[in-house]
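One-letter residues, chain by chain:
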Amino acid sequence: MGTATRLLSAVLGLLRPSAPPTEPAQRPRAQTPRVAPREPSQRPPAVSQAETVEIDPPRRLMLSYAPERDNAPDGGEIVWTWVPYEERDGRGKDRPVLVIGRADATHSYAVRLTSKPHDGDRQYLALGTGEWDPQRRPSWVDIEQLYLVHDAGMRREAAALDRKRFDAVAAALAARYGWARA
C-alpha cells in the first residue's frame, strides 16, 4: 500500500463516526478511532505507549543483526506482537514480525511476516519455513509495511532468523529505502 493511500485511509478513518467505548476502564488512545464492541480479532485495551504501530519508513535506519535470547527484541529475531490491520479500524492480530533494528532504548523497527503466499509479488520476500511458525508453513516478509514495536508490546521471542536470510531481507530493504547495514 503506497504512502498516499495509507495517508488517505488514516484521514478517512478519523472522519468515520465512532461508537462509545464498551468497557468503562478503557483508556482513550491518541489519534485512534474508537471501535464498537470487541470481536475476537480486536486488540484488548492497552497502554498506548506499548502498542505496536505502523509507521512511515524513516529516512535513516541502521539495519542490524544481533539476535540474543534475552526477552527483548533484537535485530534478526522474529518476535510475536499485536499488529494492526491495514484498515486501521482497531482490529488486528498477534503475528510474527522480523526485528530489523533499534529505534531507541525501548522501541525496535520491524517488518511483518505472513503465511499467505505472495510468490511473484515485489512487496514480499520469501523466507521459507522456520521455528516462528509451529505449523512450519512457508512465510513471506512484507518489505513495504514498517512497524515500531515497543519492548513491552512484544509477546514472545519466536526464533532468530539465520544470517543468510536476514541479509537477503536487509539487502531488499536497503535497496528500497537506502538504509545502511551495520
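See above for the structure.
Residues numbered from 1 in each chain as written. Predicted model: local features only at pLDDT ≥ 70, side-chain atom pairs only at ≥ 80, totals over all residues. Heavy atoms only, no water.

I tried to follow the pattern of salt bridges on my own but got confused; where do I start?
Pairing is possible between side chains that carry opposite charge, provided their charged atoms lie close to one another. Under the counting rule described, the total for this entry stands at eight salt bridges. Note that Asp-94 is salt-bridged to Arg-155, the shortest N-O span being 3.4 Å. Taken together, the residues Asp-94 in strand 4 (residues 92-102) and Arg-155 in strand 8 (residues 154-160) connect sequence positions 61 residues apart. Overall, Asp-94 belongs to the partly exposed group, its relative accessible area being 37%. For Arg-137, the salt bridge is made with Asp-133, and the minimal N-O distance between the two is 2.8 Å. Via salt bridges that share partners, Arg-163, Asp-167 and Arg-181 belong to a single interconnected network. (Salt bridge = Lys/Arg side-chain N within 4 Å of Asp/Glu carboxyl O. Helix = DSSP H or I, 4+ residues; strand = E, 2+ residues; numbered from the N terminus. Buried < 20%, exposed > 50% of the residue type's maximum accessible area, 1.4 Å probe, protein only.)

Could you clarify how one ought to interpret the nonpolar core in this entry?
Soluble globular proteins tend to bury their nonpolar side chains together. By size, the foremost hydrophobic cluster in this structure holds 24 residues, and its most contacted members are Leu-63, Leu-98, Ile-100, Trp-132 and Leu-173. If you list the elements that add at least two residues to this core, you get strand 3 (77-84), strand 4, strand 5 (107-114), strand 7 (139-150), strand 8 and helix 2 (163-177). Here the element with the most residues in this core is helix 2; it accounts for five residues. Those residues in contact with Ile-100 that lie beyond four places of it in its chain are Leu-61, Met-62, Leu-63, Ser-64, Gly-75, Tyr-109, Ala-110, Val-111, Leu-146, Phe-166, Leu-173 and Trp-179. Core analysis: the second largest hydrophobic core is formed by eight residues, Val-79, Val-97, Tyr-147 and Met-154 among them. (Core = buried A, V, L, I, M, F, W, Y, C linked by side-chain atoms within 4.5 Å. Contact = heavy atoms within 4.5 Å.)

Can you help me understand the packing of aromatic side chains in this one?
Each aromatic ring pair is described using two quantities: the centre-to-centre distance and the angle formed by the ring planes. Counted under the stated rule, the structure contains two aromatic pairs. Summarising the aromatic geometry, the rings of Tyr-65 and Phe-166 are spaced 5.2 Å apart at their centres and angled 50 degrees between planes, so their arrangement reads as tilted. You can see Tyr-65 sitting in the loop between strand 2 (62-63) and strand 3 and its partner Phe-166 sitting in helix 2, a full 101 residues away along the chain. When the centroid spacing of 4.5 Å and the interplanar angle of 20 degrees are considered together, the rings of Tyr-177 and Trp-179 count as stacked. A relative accessible area of 23% places Tyr-177 in the partly exposed class. Given a relative accessible area of 4%, Trp-179 falls into the buried group. (Phe/Tyr/Trp six-rings, centres within 6.5 Å; stacked < 30°, edge-to-face > 60°.)

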